[in-house]
Amino acid sequence: MQASALIPAPESIPIAAGWLEGLLIITFALHILLMSAVLGGAFVCSVRSVVNKKSLSIKKIAKVLPSIFAFAVNLGVAPLLFIQMLYGQFVYPSSILMAVYWLSIVFLAIIAYSALYVFAERYGRHTKFSASIFISTVAMLCVGLVFSNNMTLMLRPDVWAAYFSSPDGTLLNFDDPTVWLRYLHVVVASIAVGGLVLAIVARHIIVRESQELAISEERLGLNIFLIATLAQLMVGVTLFFALPEPVRWLFSGGSEFYTGALLVGLAFVALLLFEAASRNLYGTISALLVTVLVMASLRALVRKAMLDPYGGIAALPVQAEYSPFLMFIISLVLGLIAIAYMIKLAMRSNGEA
């Protein structure tokens, strides 16, 4: 059976695909930043809580992680909706093929969220070891693995026919060599962001109680960020060479636009490494924000290159309806302002705790 025969007809979209793709990239970049902060922060807490039962840094980080987790999950709704609008004919079948694991995300997220609250409450008040932070970390890692499977399986209609020999919703995409590399790329990036979370908490919260400790913890956080980013760069290079040859060719001179986008991404990675090595916290944060946005754009280009042979977004019919789009933009801006304000209040109250 030809792969194209398994792809359902696309639904119409209310506005030109370029606008939706742009919003998908922006909202995904924001979501992945927050989610990396939570997972990375949990990593930092997991490792350091084993050897230090009353670390001021861990106590402060643990207090903010549940709130960031809630923001990350809510902000993740927007890119998920955009990808369903643009690539529904691909992501719906892939979700059905692995339905058992896809539905488990809800329960895993509840476990991760609850365990973060338990750890925040227990840490520093009980000398007995608490496994809650490890439970939360493992649950989040499982969620990431499920997402990596779905977001790669949707790119491979050529393997969907496996459904007919396994129709129970348990099909995973581990035969794809990019799955583990994509997953590892995100996990290592999260460890880097976790180091940055430690540095930010040290600069803005711990300094109120101990300037010496704040300087030490900020230095440690930036070192974690630098080392993990270097490791992520190696994973990224390996991932690039694991991409299908036609996609790799586009980024290697086959397309001026694709190749230029890759060079821009590498330039920002170099800037990010320079700022981190220079111990410039705000410069590192600024470079990270832009780098994540560029990397999200490169991810979108890879997705486009892999789905273009099956029609991709070029085949989407447009039925213009601008009012819902404008309402979404207004709601998104107001929501982001509210989230920024709540994060500010949370950090202030955490510092006073």
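Right, let's walk through the structure included here.

1. Describing the overall build of the chain
Then, in step 1: Along its length, the chain carries 10 helices and zero strands.
Then, in step 2: N-terminal to C-terminal, the α/β element order of the chain is α-α-α-α-α-α-α-α-α-α.
Then, in step 3: Here the C-alpha coordinates of the chain stretch approximately 65 × 45 × 45 Å along the principal axes.
Then, in step 4: When each of the 353 residues of the chain is scored for burial, the buried share is 47%.
Then, in step 5: A separation threshold of at least 6 residues defines the contact pool for the chain, and within that pool the share at least 24 residues apart is 82%.
Then, in step 6: For the chain, the accessible area works out to roughly 17000 Å², and carbon and sulfur atoms hold 70% of it.

2. Here's the deal with the packing of aromatic side chains
Then, in step 1: Tallied over the entire structure, the rule returns 10 aromatic pairs.
Then, in step 2: For the ring pair Phe-251 and Tyr-258, a centre distance of 5.1 Å and an interplane angle of 70 degrees mean the geometry is edge-to-face. Across the pair, exposure class does not vary: Phe-251 and Tyr-258 are buried alike.
Then, in step 3: Following the ring pairs from residue to residue traces out a cluster consisting of Phe-69, Tyr-113 and Tyr-117.
Then, in step 4: Positioned over the ring face of Phe-28 is Arg-299, at 4.4 Å from the centre of the ring.

3. Re the pattern of salt bridges
Then, in step 1: All told, the structure shown has six salt bridges when counted by the stated rule.
Then, in step 2: As a salt-bridge pair, Glu-218 and Arg-203 come within 2.6 Å of each other at their nearest N and O atoms. Of this pair, Glu-218 sits in helix α6 (residues 211-242) while Arg-203 sits in helix α5 (residues 178-204), placing them 15 residues apart in sequence.
Then, in step 3: Note on Arg-203: relative accessible area 30%, which makes it partly exposed.
Then, in step 4: The closest approach of N and O atoms between Asp-308 and Lys-304, which form a salt bridge, is 2.8 Å.
Then, in step 5: What you see here is one network of salt bridges that share partners, running through Arg-156, Asp-158 and Asp-176.

4. Topic: the packing of helix α2 (residues 56-97) against helix α4 (residues 132-153)
Then, in step 1: Direction vectors running N to C along α2 and α4 enclose 35 degrees, while the axes themselves pass 9 Å from each other. Of the two elements, α2 crosses α4, and the hand of that crossing is left-handed. Contacts between α2 and α4 involve Phe-69, Ile-83, Val-91, Ser-94, Ser-95 and Leu-97 from the former and Met-140, Asn-150, Met-151 and Leu-153 from the latter.
Then, in step 2: Classifying every residue of the contact of α2 with α4 gives seven nonpolar, three polar and no charged.

5. So, the environment of Val-201
Then, in step 1: By the secondary structure assignment, Val-201 is in helix α5.
Then, in step 2: Sequence separation between Val-201 and Arg-182 is 19 residues, and the spatial gap between their C-alpha atoms is 29 Å.
Then, in step 3: When neighbours within four sequence positions are excluded, Val-201 is seen to be in contact with Lys-60, Ile-61 and Ile-206.

6. Here we look at the nonpolar core
Then, in step 1: One finds Met-140 and Leu-288 to be the most contacted residues of the largest nonpolar core, which totals 61 residues.
Then, in step 2: Top contributing element to this core by residue count: helix α1 (residues 17-51), with 12 residues.
Then, in step 3: Dropping the residues within four chain positions of it, Leu-288 is found in contact with Leu-33, Val-193, Leu-196, Phe-225 and Leu-272.
Then, in step 4: Core analysis: the second largest hydrophobic core is formed by 44 residues, Ile-7, Leu-86, Trp-160 and Phe-240 among them.

7. Things to note about the packing of α6 against helix α9 (residues 281-307)
Then, in step 1: Closest axis-to-axis distance for the α6/α9 pair is 12 Å, and the angle between their directions is 30 degrees. Seen along the crossing, α6 lies across α9 with a hand that is left-handed. Taking contact as the criterion, the partners of Glu-218, Leu-222 and Phe-225 in α6 are, on α9, Leu-281, Thr-284 and Leu-288.
Then, in step 2: Of the residues contributing to the contact of α6 with α9, the split by class is four nonpolar, one polar and one charged.

8. Re unusual backbone geometry
Then, in step 1: Although it is not a glycine, Arg-279 adopts a positive phi angle of roughly 60 degrees.
Then, in step 2: Inspection of the secondary structure puts Arg-279 in the loop between α8 (256-277) and α9.
Then, in step 3: Among the residues examined, Arg-279 registers a relative accessible area of 35% and is labelled partly exposed.

9. As for helix α7 (residues 245-254)
Then, in step 1: Among all positions in α7, only Val-247, Leu-250 and Phe-251 are buried. The buried residues of α7 occupy an angular sector of 85 degrees when the element is viewed end-on, so they sit on one face. Relative to its buried face, α7 has exposed residues pointing more than 90 degrees away, namely Pro-246, Ser-252 and Gly-253.
Then, in step 2: Looking at the buried side of α7, the elements it contacts are α6, α8 and α9.

10. Thoughts on a nonpolar patch on the surface
Then, in step 1: There is a patch of nonpolar side chains on the surface, built from Leu-233, Val-237, Phe-241, Leu-263 and Leu-266 and spanning about 470 Å² of accessible area.
Then, in step 2: At three residues, the largest contribution of residues to the nonpolar patch is made by α6.
Then, in step 3: Residue position: Leu-233 is located in helix α6.

11. Looking at the environment of Ala-305
Then, in step 1: Within the secondary structure layout, Ala-305 lies in helix α9.
Then, in step 2: Measuring from C-alpha to C-alpha, the distance between Ala-305 and Tyr-258 comes to 9.7 Å, with 47 residues separating the pair along the chain.

Parameters at a glance
- Residues numbered from 1 in each chain as written.
- Predicted model: local features only at pLDDT ≥ 70, side-chain atom pairs only at ≥ 80, totals over all residues.
- Heavy atoms only, no water.
- Helix = DSSP H or I, 4+ residues; strand = E, 2+ residues; numbered from the N terminus.
- Buried < 20%, exposed > 50% of the residue type's maximum accessible area, 1.4 Å probe, protein only.
- Contact = heavy atoms within 4.5 Å.
- Areas by Shrake-Rupley, 256 points an atom, 1.4 Å probe, with all protein chains shown as cover.
- Phe/Tyr/Trp six-rings, centres within 6.5 Å; stacked < 30°, edge-to-face > 60°.
- Lys NZ or Arg CZ within 6 Å of the ring centre and 35° of its normal.
- Salt bridge = Lys/Arg side-chain N within 4 Å of Asp/Glu carboxyl O.
- Axes fitted to C-alpha atoms, helices over the stretch in contact; angles between N-to-C directions.
- Left-handed = near helix turned anticlockwise from the far one by under 90°.
- Nonpolar A, V, L, I, M, F, W, Y, C, P; charged D, E, K, R; others polar.
- Core = buried A, V, L, I, M, F, W, Y, C linked by side-chain atoms within 4.5 Å.
- Arc of directions from axis to C-beta.
- Patch = residues over 30% accessible without salt bridge, like charges linked within 9 Å, V, L, I, M, F, W, Y side chains within 5 Å.

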